[in-house]
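A look at the structure
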Amino acid sequence: MLFAIHALDGKDGLKRRATAQEAHGAHLKTAGDYGVKLVMSGPLVEDDGSTMKGSLLVVEAQGRADVERFNAADPYQAAGVWDTVTITAFLKKNG
């Protein structure tokens, strides 16, 4: 099953993001350790097309619990980058 992880940065998100970016990238490579397959990911940006304001990850997993464990272990969580995270089951129809 697919899940979308939609995460919006909190206060000082850009600064916090910079300090945890390398660890976050390394964490994404360990998705399989959590029973999760990373389908795609990238930063959410402002309408200027470059100022980061969050993250969007689409992952595949057997269930929500695996996705929640994967997300909870993300260094962006520990660094306080994200203020609001929503995990939503996703049905791919096109593309």
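Preceding this paragraph is the structure being described.
A closer look at the nonpolar core
The tendency in soluble globular proteins is for nonpolar side chains to be buried side by side. With 12 residues, the main nonpolar core is built from Phe 3, Ile 5, Leu 28, Ala 31, Tyr 34, Val 36, Leu 57, Val 59, Ala 61, Val 67, Phe 70 and Ile 87. When residues of this core are traced back to their parent elements, those giving at least two are β1 (2–9), β3 (52–61) and α2 (64–72). Per element, the largest residue contribution to this core is three residues, and it comes from β3. Among all residues touching Ile 5, those that are not within four sequence positions of it are Ser 55, Leu 56, Leu 57, Val 59, Val 67, Phe 70, Asn 71, Val 85, Thr 86 and Ile 87. By size, the runner-up hydrophobic cluster in this structure holds five residues, among which are Ala 7, Ala 20, Tyr 76 and Trp 82.

A look at the pattern of salt bridges
Under the counting rule described, the total for this entry stands at three salt bridges. Between Lys 53 and Glu 46 there is a salt bridge, and its shortest N-O distance comes to 3.8 Å. A salt bridge links Asp 66 to Arg 69; its shortest N-O distance comes to 3.8 Å. A residue pair is termed a helical-turn pair when its members lie 3 or 4 positions apart in one helix, as Asp 66 and Arg 69 do in helix α2 at three residues.

The rules behind each value
- Residues numbered from 1 in each chain as written.
- Predicted model: local features only at pLDDT ≥ 70, side-chain atom pairs only at ≥ 80, totals over all residues.
- Heavy atoms only, no water.
- Core = buried A, V, L, I, M, F, W, Y, C linked by side-chain atoms within 4.5 Å.
- Buried < 20%, exposed > 50% of the residue type's maximum accessible area, 1.4 Å probe, protein only.
- Helix = DSSP H or I, 4+ residues; strand = E, 2+ residues; numbered from the N terminus.
- Contact = heavy atoms within 4.5 Å.
- Salt bridge = Lys/Arg side-chain N within 4 Å of Asp/Glu carboxyl O.

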